[in-house]
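# Per-entry structural report
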Amino acid sequence: MSLVRRALPDDAGEVLRLRQVMIDSVHPGSSSVTGWHAESLPVLRARLAEPDGDFAAFVVDHPDRPGALAALVAGTLEYRIGKAGNPHGRVGFVFSVATDPDARRRGYARACMAELLEWFREREVGQVDLTASADAEPLYESLGFARTGDPLMRLML
């Protein structure tokens, strides 16, 4: 039996906690800003309640802390105009991968990623993108991800 399961609406608070762990690890030394959690919580609960939507989160329950999560992987399914290698235009994006600091090096993130990648395959996704920290890059490379030359730009609205 797999340790990984699909996140449920009741997991929303823990999903946000682990997302904050990821954010804090990407931006070390910055103070944890968590005021956004209260506003995000009802939206996340609603999205986790949509089993057939374009968003999925997979988690592992913490083995030592009942009610807590040890790991999280979340992603979305997007449509873009097709191209060579992905004529249907289905693109997956992995945007949150986090493991609780006291549960690391146990394979939880890898197991969650495997489930998310299978979720993408079931939906005939032709391409999966993510941004990787230097620490996480070996995990993603072992799963077949490769750096691209695509420049990323962002506009905050």
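As shown above, the structure is provided for reference.
Within any chain, residue numbers begin from 1 and follow the written order of that chain's sequence. Where totals are concerned, whole chains, interfaces and linings use all residues; where local detail is concerned, this predicted model gives features only for residues with pLDDT of at least 70, and gives and counts side-chain atom pairs only at 80 or more. Side-chain measures here rest on the full set of heavy atoms in the structure, leaving out hydrogens and waters.

### Describing the environment of His 88
Inspection of the secondary structure puts His 88 in the loop between β3 (69-79) and β4 (90-99). For His 88 and Gly 126, which are 38 residues apart along the polypeptide, the C-alpha to C-alpha distance reads 7.5 Å. Two residues qualify as a contact provided that any one of their heavy atoms is within 4.5 Å of a heavy atom in the partner residue. Other than its neighbours up to four places away in sequence, His 88 contacts Tyr 79 and Arg 80. Think of it this way: any DSSP run of H or I at least four residues long counts as a helix, any run of E at least two long counts as a strand, and we number them from the N terminus.

### Structural notes on the pattern of salt bridges
A carboxyl oxygen of Asp or Glu within 4 Å of a side-chain nitrogen of Lys or Arg is what we treat as a salt bridge. Taken as a whole and judged by the stated rule, the model has 15 salt bridges. For Arg 90, the salt bridge identified is with Glu 124, shortest N-O distance 3.5 Å. A residue pair is termed long-range when its members are at least 10 positions apart, and Arg 90 in strand β4 and Glu 124 in the loop between α3 (108-122) and β5 (127-130) qualify at 34 residues. Among the residues examined, Arg 90 registers a relative accessible area of 27% and is labelled partly exposed. Taking the shortest distance from any N to any O, the salt bridge between Arg 121 and Glu 118 comes out at 3.9 Å. Of the two residues, Arg 121 and Glu 118 both sit in helix α3, three residues apart, roughly one turn of that helix. Relative accessibility thresholds used throughout: buried, under 20% of the residue-type maximum; exposed, over 50%; partly exposed, between the two (1.4 Å probe, protein chains only). Owing to a relative accessible area of 54%, Arg 121 belongs among the exposed residues under this scheme. Through salt bridges with shared partners, a single ionic network connects Glu 14, Arg 17, Arg 65, Asp 100 and Asp 102.

### Regarding the pairing of strand β2 (residues 55-61)
Counting buried positions along β2 gives six out of seven residues, so the element sits mostly inside the fold. Here strand β1 (residues 4-6) runs beside β2; their pairing, made up of three bridges, is antiparallel. Across the sheet, Val 4 pairs through a bridge with Val 60, a residue of β2. In this analysis, strands are considered paired if DSSP registers two or more bridges between them. As paired elements, β2 and β3 share seven bridges and run antiparallel to each other. Across the sheet, Ala 56 pairs through a bridge with Gly 75, a residue of β3.

### Considering the pairing of β3
Counting buried residues along β3, eight of its 11 residues qualify, which places the element largely inside the surrounding structure. Sheet analysis places β3 next to β4, joined by nine bridges and oriented antiparallel. Bridge pairing in β4 places Val 73 opposite Val 97.

### Let's talk about the environment of Arg 104
Tracing the sequence through the fold places Arg 104 in the loop between β4 and α3. The class for Arg 104 is partly exposed, based on a relative accessible area of 40%. Spatially, the C-alpha atom of Arg 104 lies 15 Å from that of Glu 137, the residues being 33 residues apart in sequence.

### Re the side chain of Asn 86
Here Asn 86 lies in the loop between β3 and β4. Look at Asn 86 and you get buried, because its relative accessible area is 5%. Beyond its immediate chain neighbours, meaning those up to four positions away, Asn 86 contacts Val 91, Gly 126 and Gln 127.

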